[in-house]
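# Architecture and fold: a report
Read off the chains here:
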Number of protein chains: 2
Amino acid sequence: MLGLMQSQPLLISSLIEFAARNHGDGEIVSRRVEGDIHRYTYKDLAGRARQLANTLDGMGLAQGERVASLAWNGYRHMEMYFGVSGSGRVLHTINPRLHPEQIAWIVNHAEDKALCFDLSFLPLIQAVHAKCPQVRQWVALCDADKLPADSGIPGLISYEDWIGGQSDQYNWPLLDENTACSMCYTSGTTGNPKAALYSHRSSTLHAYAAALPDVMNLSARDSVLPVVPMFHVNAWGIPYSAALTGCKLVFPGPALDGKSVYELIEAEGVTFAAGVPTVWQMLLSHMKPGGLRFSKLNRTVIGGSACPPAMISAFQDDYGVSVLHAWGMTEMSPLGTLCTLKNKHLSLPKDEQMKILQKQGRAIYGVEMKIVNDEGKEQPWDGKAYGDLLVRGPWIIDSYYKGEGNPLVDGWFPTGDVATIDADGFMQITDRSKDVVKSGGEWISSIDIENIAMAHPAVAMAACIGVPHPKWDERPIVAVAKKPGAEVSREELLKFFEGKTAKWQIPDDVVFVDAIPLGATGKMLKTKLREQLKDYKLPTA
Amino acid sequence: MLGLMQSQPLLISSLIEFAARNHGDGEIVSRRVEGDIHRYTYKDLAGRARQLANTLDGMGLAQGERVASLAWNGYRHMEMYFGVSGSGRVLHTINPRLHPEQIAWIVNHAEDKALCFDLSFLPLIQAVHAKCPQVRQWVALCDADKLPADSGIPGLISYEDWIGGQSDQYNWPLLDENTACSMCYTSGTTGNPKAALYSHRSSTLHAYAAALPDVMNLSARDSVLPVVPMFHVNAWGIPYSAALTGCKLVFPGPALDGKSVYELIEAEGVTFAAGVPTVWQMLLSHMKPGGLRFSKLNRTVIGGSACPPAMISAFQDDYGVSVLHAWGMTEMSPLGTLCTLKNKHLSLPKDEQMKILQKQGRAIYGVEMKIVNDEGKEQPWDGKAYGDLLVRGPWIIDSYYKGEGNPLVDGWFPTGDVATIDADGFMQITDRSKDVVKSGGEWISSIDIENIAMAHPAVAMAACIGVPHPKWDERPIVAVAKKPGAEVSREELLKFFEGKTAKWQIPDDVVFVDAIPLGATGKMLKTKLREQLKDYKLPTA
């Protein structure tokens, strides 16, 4: 039909130009690897992002080629977000916590043509650079005079020398909004890592959504501290949403200890911070002894893993800071749900509100959710029925980078989580799909079983797994590591479950082990436990 | 590149399905034409929108065909927003304040196939229906038993009978997001009305943007009263943003007097209201004598015309309600700017903040602005230079319905306003492009001149226009209507300007008139004034 709306593509470059124009003097404060504080503005950021874009043009990098970062949260990393993506290349943010072998594999798989790294990661780059022959340019994210003399890395250049001679004017290309802008590898538990490839469209829509009042609630009156790393799913999209709103940005660099984070929050008037529970635990531990207070912080979003209720209470009751759960995945850009109360919840007693706030939250518009049983049949939203959680929407992947894997089921992405959803749309993850125990057509949450076992005073750690059963398909057993010097028998522990869960959910057996196998990040490795117990037989089977 | 994001189109139907699923019991409260209060939920709304979609299918209406509404803000109108657009038809919202001749012209120009109207507008429909032969179905938005027996309108049916027999299940079509979803005619001052045709994409992007913290700040904790009519640029997009956030909605129907609006605000716990200054004036006038207070209202967005500073102060100081200016146009879906303070303004003295809050505001991400002089050269953002205001973005029109008019200038839409923009991006309209006086290459704001003249105690109303001048191209003169019984001479009035504006901006002459010609809405008709003064000659020319 004739006479419609302008066809303006949704592009990353429009975010940075918007910020430079409407929030030119908006502050961006960074603690650098060197420890000092660096300050500049969105206008400066835009100028240097354009210099970087000119640098990449000068290298002859074609549109769609990958430029990698291995860096903490800071202004130069932020410049890469806009200069690399805005000019049509793909920013590949690498997680430095991966094993060097894995990093080399990822760099080669992504076919990165340039790699920019913070000097903290120099030893890592020294270890892997020879294995990454297609990287044409290694760049140290530092001042020219900080470049190490004998790094052993051929052609290593400082970022300042790399972009310094370039013009700060640039005509951003008018790309198709479905062009790729950035990518991030998932640290899958099995097989090689796979990458989610984000588009300009998906990142821009996500930037609108992430700033909404019921999500991160970002405005030009905020001072925002993303503790969540920019190498981890784009720091939950904060860099983009920040440019969209013109909020002040405060980057913590590598200093994530309680003292450093607290000092930054206070010095920069931070109103909103986002991160994982462990960082907040360090922050609270630092503040408590000295009776320290926040002067402006009023809310925090916590994701990555569920926040212990005690921490939610501490933030809210002791410090007046709202704690909101977020849930998402690398494959989801990442935000899927945020846990904010509705109008009708505001008059509820506090403990009722707390029960809601412990859930993963409600879907953001742009994300559809459903839960299904083994047959793919949709389960009711009653807060009790649970099933595999599936999602779809414009910022959720279709397939992995290079078309690897074909994850969708009838157009829906299976999250690998098992969840309930209540009538108000609040989703709660009860287990991982691969860990849930399927007994006689009913599902038993391994996490529920573990939580009950770990409440016993003699138990240090517990892991529940399903083992084959001739009649019920699977039955749960629980592996238990006792506290040093503590004693508890199999029978005592099984009795401990009574009245705490339905009778048919009580494990069939307890197996005492010296230790539950753990991964690098402290998560239980159930695959390894299953391997250890592969010859185990149920007493009743 | 392989492996990207899901290609989910942005569709109006996804908004209502999101609300039904995630905010099923969210309340929608309407004061009806009959005066009573109607209550239901987003789930009910979605079911009835699907019934309406089935009704339109049953009529055999093709995708893209127009269905018109002539209605106040209420739940049935809201059902049309989703049922008509979601099923692929185009909702044409008609302004009932237009002249009946103009309404008939518009209905024919839009080629409306069905027209649904509130019974308040029955006389209007009785007057025009015979002139609109292509309308196949006239529908009264009322219960079956309220349908007038002898309306004289062939085939008139009540809305309830029209949709009542249909299923509340419906498979919304998976449309291209650039498909038209709704349209609205502008009441242009010259020529025939032209229509802006909104798309699913533009309306959905606008729905995200309108809910942002720096825009209308809508969340599931809000109770929202759109006083701004749903026949006027989609009530500033509130129906869509409401579904996106799940906020409670409160529709005032036709009762916009101070008492009715106040009672609704209090009874329904309204936290946010949006409308034009005249409605708020009536509200404040109702509240003041009895010393009435708001219990939950905390903010209001005011648009349509600039809000008098005294009203901003009254809301803020006397009632603790924030007043935010919005600026937009029918051609802009409509939101362009909102006036919210930035972080750095929060510590300013109150009178400094007030100066900022009187401007039209900052651009929302998605709207680009520029100001240009007569040669199209961009003017600086210094808060002083002014020029024609141009905008572009994904929710701004490309051309008018049926391709009429070719408004864009190098891809930018000329707003017809003259504005300044300051270094912080705050835009202030200083005049209409057609009213600004262009003297020797410099522009003189007719509004500034009028404001000075009207500050004189003897002046009832003043209108400034430009008249031809051999040397300066144009020079300003001011037409003045004196207050009854008041006296002031030409010389006294010209002297009154001294020191209040630059010398070269002082009008060359004063012309005393009995009255300034006004339009139906109280706006000065400068075209008519120019006509009256067409034989006028400058004393110095």
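Structure first, text after, so check above.
A brief look at the structure comes next. (Residues numbered from 1 in each chain as written. Chains lettered and ligands numbered in written order. Predicted model: local features only at pLDDT ≥ 70, side-chain atom pairs only at ≥ 80, totals over all residues. Heavy atoms only, no water.)

## Observations concerning the sheet that holds strand β19 (residues 413–421) of chain A
Residues and elements named next belong to chain A.
- In space, the four strands of this open sheet follow the order β17-β18-β19-β20, with antiparallel pairing throughout. The open sheet terminates on both sides in strands that have one partner only, identified here as β17 (368–372) and β20 (427–432). Taken pair by pair, the neighbouring strands of this sheet meet at an average axis angle of 50 degrees, ignoring direction.
- In terms of strand pairing, strand β18 (residues 387–392) meets β19 through four bridges, oriented antiparallel. Paired with V391 across the strands is F413, a residue of β19. (Pairing = 2+ DSSP bridges. Helix = DSSP H or I, 4+ residues; strand = E, 2+ residues; numbered from the N terminus. Axes fitted to C-alpha atoms, helices over the stretch in contact; angles between N-to-C directions.)

## Side note on the environment of I94(B)
Residues and elements named next belong to chain B.
- With respect to the helices and strands, the residue I94 is situated in the loop between β4 (90–93) and α4 (100–110).
- A residue is classified by how much of its surface remains accessible, and I94, at 1% relative accessible area, is buried.
- Put simply, I94 and H456 are 362 residues apart on the chain and 41 Å apart in space, counted from C-alpha to C-alpha.
- Contact partners of I94, with chain neighbours within four places excluded, come to A68, S69, L70, I103, V107, D112, L115 and F231. (Buried < 20%, exposed > 50% of the residue type's maximum accessible area, 1.4 Å probe, protein only. Contact = heavy atoms within 4.5 Å.)

## Some details on the interface of chain B and chain A
- Contacts between the two partners involve 81 residues from chain B, matched on the other side by 81 residues from chain A.
- Considering only the side of chain B, the residues that lose the most area to chain A are M5(B), Q6(B) and Y365(B), jointly responsible for 16% of the buried surface there.
- Linking chain B with chain A are eight salt bridges.
- D25(A) is the partner of K344(B) in a salt bridge, and the nearest nitrogen-oxygen pair spans 2.6 Å. (Buried area = accessible area lost by both parts, 1.4 Å probe. Salt bridge = Lys/Arg side-chain N within 4 Å of Asp/Glu carboxyl O.)

## Things to note about the packing of aromatic side chains
- Going through the model one piece at a time under the given rule, you end up with 26 aromatic pairs over all chains.
- Aromatic pair W280(A) and F315(A): ring centres 6.3 Å apart, planes at 85 degrees, arrangement edge-to-face. Residue W280(A) is found in helix α10 (residues 277–290), and its partner F315(A) is found in helix α11 (residues 309–319); the two are separated by 35 residues along the sequence.
- Assessed through its relative accessible area of 1%, W280(A) is described here as buried.
- In textbook terms, an aromatic cluster arises when at least three aromatic residues are bridged by ring pairs, as seen for F18(A), Y208(A), Y365(A), F18(B), Y208(B) and Y365(B).
- Taking NZ or CZ as reference, K194(A) lies 5.5 Å from the ring centre of Y400(A), over its face. (Phe/Tyr/Trp six-rings, centres within 6.5 Å; stacked < 30°, edge-to-face > 60°. Lys NZ or Arg CZ within 6 Å of the ring centre and 35° of its normal.)

## Comments concerning the sheet that holds strand β20 (residues 427–432) of chain B
Residues and elements named next belong to chain B.
- Spatial strand order, β17-β18-β19-β20: four strands in an open sheet with antiparallel pairing. Single-partner strands in this sheet number two, and they are β17 (368–372) and β20. Across the sheet, the mean angle from the axis of one strand to that of its neighbour is 50 degrees, orientation sign disregarded.
- The sheet contact formed by strand β19 (residues 413–421) and β20 spans five bridges and is antiparallel.

## A few points about the nonpolar core
- Counting 184 residues, the largest nonpolar core has F82(A), W162(A), M216(A), F82(B), W162(B) and M216(B) as its most contacted members.
- Excluding anything up to four places from it in sequence, F82(A) contacts I12(A), L15(A), I16(A), A49(A), S87(A), W172(A), P239(A), Y240(A) and A243(A). (Core = buried A, V, L, I, M, F, W, Y, C linked by side-chain atoms within 4.5 Å.)

## What to know about the side chain of E331(A)
- Considering the arrangement of structural elements, one finds E331(A) in the loop between β14 (322–328) and β15 (335–338).
- For E331(A), the residues in contact, after removing those within four places along its chain, are T186(A), A196(A), W395(A), I396(A), I397(A), Y400(A) and F413(A).

## As for the pairing of strand β24 (residues 473–482) of chain A
All names here are of chain A.
- Most of β24 sits out of view: seven of its 10 residues are buried.
- Relative to β24, strand β23 (residues 459–469) is paired through 10 bridges, and the arrangement is antiparallel. Looking at the pairing, V459 lines up with K482 of β24.
- With four bridges connecting them, β24 and strand β25 (residues 509–512) associate as parallel partners. Across the sheet, residue V480 finds its bridge partner in β25, namely F512.
- Handedness of the crossover joining β24 and β25 through helix α14 (residues 490–496) is recorded here as right-handed. (Right-handed = clockwise from strand over helix to strand, strands pointing away.)

## Section: the pairing of β18(A)
Residue and element names in this part refer to chain A.
- Counted residue by residue, β18 has five buried out of six residues, so it is predominantly covered.
- In this sheet, β18 lies alongside β17 in antiparallel orientation, the contact comprising five bridges. Looking across to β18, one finds that E368 is bridged to R392.

## Examining the pattern of salt bridges
- Inspection of every chain in the model, using the stated rule, returns 80 salt bridges over all chains.
- Here R76(B) makes a salt bridge to D143(B), at a shortest N to O gap of 2.7 Å. Here R76(B), found in helix α3 (residues 75–86), pairs with D143(B), found in the loop between β6 (137–140) and β7 (157–158); they are 67 residues apart in sequence, far enough to count as distant.
- Judged by its relative accessible area of 6%, R76(B) is buried.
- R475(B) is the salt-bridge partner of D508(B), the closest N and O atoms lying 3.0 Å from each other. Taken together, the residues D508(B) in the loop between α14 (490–497) and β25 (509–512) and R475(B) in strand β24 (residues 473–482) connect sequence positions 33 residues apart.
- For R475(B), a relative accessible area of 7% puts it in the buried group.
- Each of R32(A), D36(A), R48(A), R76(A), E79(A), D143(A) and E160(A) takes part in one network of salt bridges that share partners.

## Section: α4(B)
- Taken together, the buried positions of α4(B) are occupied by I103(B), A104(B), I106(B), V107(B), H109(B) and A110(B).
- Of the surrounding elements, those touching the buried residues of α4(B) are β3 (66–70), β4, β5 (112–117), α5 (122–128) and β8 (180–186) of chain B.

## Description of the packing of helix α2 (residues 42–59) of chain B against α3(B)
All names here are of chain B.
- Remark: α2 packs on α3, axes separated minimally by 8 Å, with the N-to-C direction vectors making an angle of 60 degrees. One finds that α2 runs oblique with respect to α3. Between α2 and α3 lies a crossing whose hand is right-handed. In contact with L45, R48, A49, L52, A53 and L56 of α2, α3 contributes Y75, R76, M78, E79, M80, F82, G83 and V84.
- Class assignment for the residues of the contact of α2 with α3 results in 10 nonpolar, one polar and three charged. (Parallel < 35°, antiparallel > 145°, perpendicular 65-115°, else oblique. Left-handed = near helix turned anticlockwise from the far one by under 90°. Nonpolar A, V, L, I, M, F, W, Y, C, P; charged D, E, K, R; others polar.)

These figures come from the coordinates and say nothing about function on their own.
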